[in-house]
Amino acid sequence: MNGILLGRTSERTLCFLLCLLRVSLGVILLTLGTRLLLEGGWDAWMKLGGMLPTVVRGPFEGLFIQFWESALILNLVIFASFAVGLSMVLGLLTRLGALGGALMMVGFYLATLPPLFGWVNYHFCYFGASVNFLVIRPAHPFGLDAYLRPLAARHRWLRWVVA
């Protein structure tokens, strides 16, 4: 964010709003992972009103129905929800977490093509928020990535994952 284009107050406000968006996305994913873990896996997913084997449709229907039969997929969704959620809430390895979140949302979105309630649904919005954190420096003063910046300056491979 460039202080020349934005006033100092506007820049701080934007950083705060981005932090709020990042933490909100993280809380949503942590909640998903917690409910899947504690309330019985796909049965909890049904209670959430999310993507169910009964609403999977479209060109990827067969693939996603096979996913529901796999305990490995359920465990991966739970793990990814926790990992991405913690990344977003703590602001730690934010870009890596955002990539994981974007990939999860693409999967959730593709499972229900064509969408029943319009092409822009909540998976699409969460995907947009995740991509936002891939592209910009996501409110680094308000996350743990700020403490990793000196380390990222010495190690090139960390520059991409540290916001």
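Caption draft 1: View of the environment of Cys-15. Note on placement: Cys-15 falls in helix 1 (residues 8-38). Spatially, the C-alpha atoms of Cys-15 and Phe-142 are 7.9 Å apart, while their sequence positions differ by 127 residues.

Caption draft 2: Focus on a nonpolar patch on the surface. A grouping of Leu-86, Leu-90, Leu-92, Leu-144 and Tyr-147 is seen on the molecular surface, where their side chains present a nonpolar patch of about 480 Å² in accessible area. Within the secondary structure layout, Leu-90 lies in helix 4 (residues 71-90).

Caption draft 3: Region of the structure containing the confidence of the model for the protein. On average, residues of the protein score 80 in pLDDT, and 80% of them are at 70 or above. Looking across the protein, the model is least confident in helix 2 (residues 42-48), with a mean pLDDT of 59, and most confident in helix 5 (residues 94-110), with 90.

Caption draft 4: Quick peek at the state of the cysteines. This model, assessed by the stated rule, comprises 0 disulfides. No disulfide involves Cys-15; its sulfur sits 8.9 Å from that of Cys-19, the nearest cysteine. Judged by its relative accessible area of 12%, Cys-19 falls in the buried class.

Caption draft 5: Highlighting the packing of helix 4 against helix 5. Put simply, helix 4 and helix 5 touch, their axes get as near as 8 Å, and they point 140 degrees apart. Accordingly, the angle class assigned to the pair helix 4 and helix 5 is oblique. Classified by chirality, the crossing of helix 5 by helix 4 is left-handed. Of helix 5, the residues touching helix 4 (which contributes Val-77, Ala-80, Ser-81, Val-84, Ser-87 and Met-88) are Thr-94, Gly-97, Ala-98, Gly-100, Gly-101, Met-104 and Phe-108. In terms of residue class, the contact of helix 4 with helix 5 is made up of 7 nonpolar, 6 polar and no charged.

Caption draft 6: Just the nonpolar core, in detail. Within the largest apolar cluster, 18 residues are counted, with the highest numbers of intra-cluster contacts made by Leu-29, Met-88, Met-104 and Phe-108. Elements with a minimum of two residues in this core: helix 1, helix 4, helix 5 and helix 6 (122-135). When residues in this core are grouped by element, the largest group, 7 residues, is from helix 4.

Caption draft 7: Representation of the environment of Ser-130 within the structure. Along the chain, Ser-130 falls in helix 6. Overall, Ser-130 belongs to the buried group, its relative accessible area being 2%. With 31 residues separating them along the chain, Ser-130 and Leu-99 place their C-alpha atoms 6.8 Å apart.

Caption draft 8: Representation of unusual backbone geometry. Phi at Leu-93 takes a positive value of approximately 50 degrees, unusual for a residue other than glycine. Structurally, the position occupied by Leu-93 is in the loop between helix 4 and helix 5.

Caption draft 9: View of the packing of aromatic side chains. Counted according to the given criterion, the structure contains 2 aromatic pairs. With a centroid separation of 6.1 Å and 45 degrees between ring planes, the pair formed by Tyr-109 and Phe-124 is classed as tilted. Taken as a pair, Tyr-109 in helix 5 and Phe-124 in helix 6 lie far apart in primary sequence, 15 residues in all. Using a relative accessible area of 14% as the deciding quantity, one classes Tyr-109 as buried. Relative accessible area serves as the criterion here: at 40%, Phe-124 is assigned to the partly exposed category. Seen from their ring centres, Tyr-122 and Tyr-126 are 5.9 Å apart, and the 70 degrees between their planes marks the pair as edge-to-face. On the criterion of helical spacing, the pair formed by Tyr-122 and Tyr-126 is a turn pair, its members being 4 residues apart in helix 6.

About the criteria used
- Residues numbered from 1 in each chain as written.
- Predicted model: local features only at pLDDT ≥ 70, side-chain atom pairs only at ≥ 80, totals over all residues.
- Heavy atoms only, no water.
- Helix = DSSP H or I, 4+ residues; strand = E, 2+ residues; numbered from the N terminus.
- Patch = residues over 30% accessible without salt bridge, like charges linked within 9 Å, V, L, I, M, F, W, Y side chains within 5 Å.
- Areas by Shrake-Rupley, 256 points an atom, 1.4 Å probe, with all protein chains shown as cover.
- Salt bridge = Lys/Arg side-chain N within 4 Å of Asp/Glu carboxyl O.
- pLDDT = per-residue confidence, 0-100.
- Disulfide = S-S within 2.5 Å.
- Buried < 20%, exposed > 50% of the residue type's maximum accessible area, 1.4 Å probe, protein only.
- Axes fitted to C-alpha atoms, helices over the stretch in contact; angles between N-to-C directions.
- Parallel < 35°, antiparallel > 145°, perpendicular 65-115°, else oblique.
- Left-handed = near helix turned anticlockwise from the far one by under 90°.
- Contact = heavy atoms within 4.5 Å.
- Nonpolar A, V, L, I, M, F, W, Y, C, P; charged D, E, K, R; others polar.
- Core = buried A, V, L, I, M, F, W, Y, C linked by side-chain atoms within 4.5 Å.
- Phe/Tyr/Trp six-rings, centres within 6.5 Å; stacked < 30°, edge-to-face > 60°.

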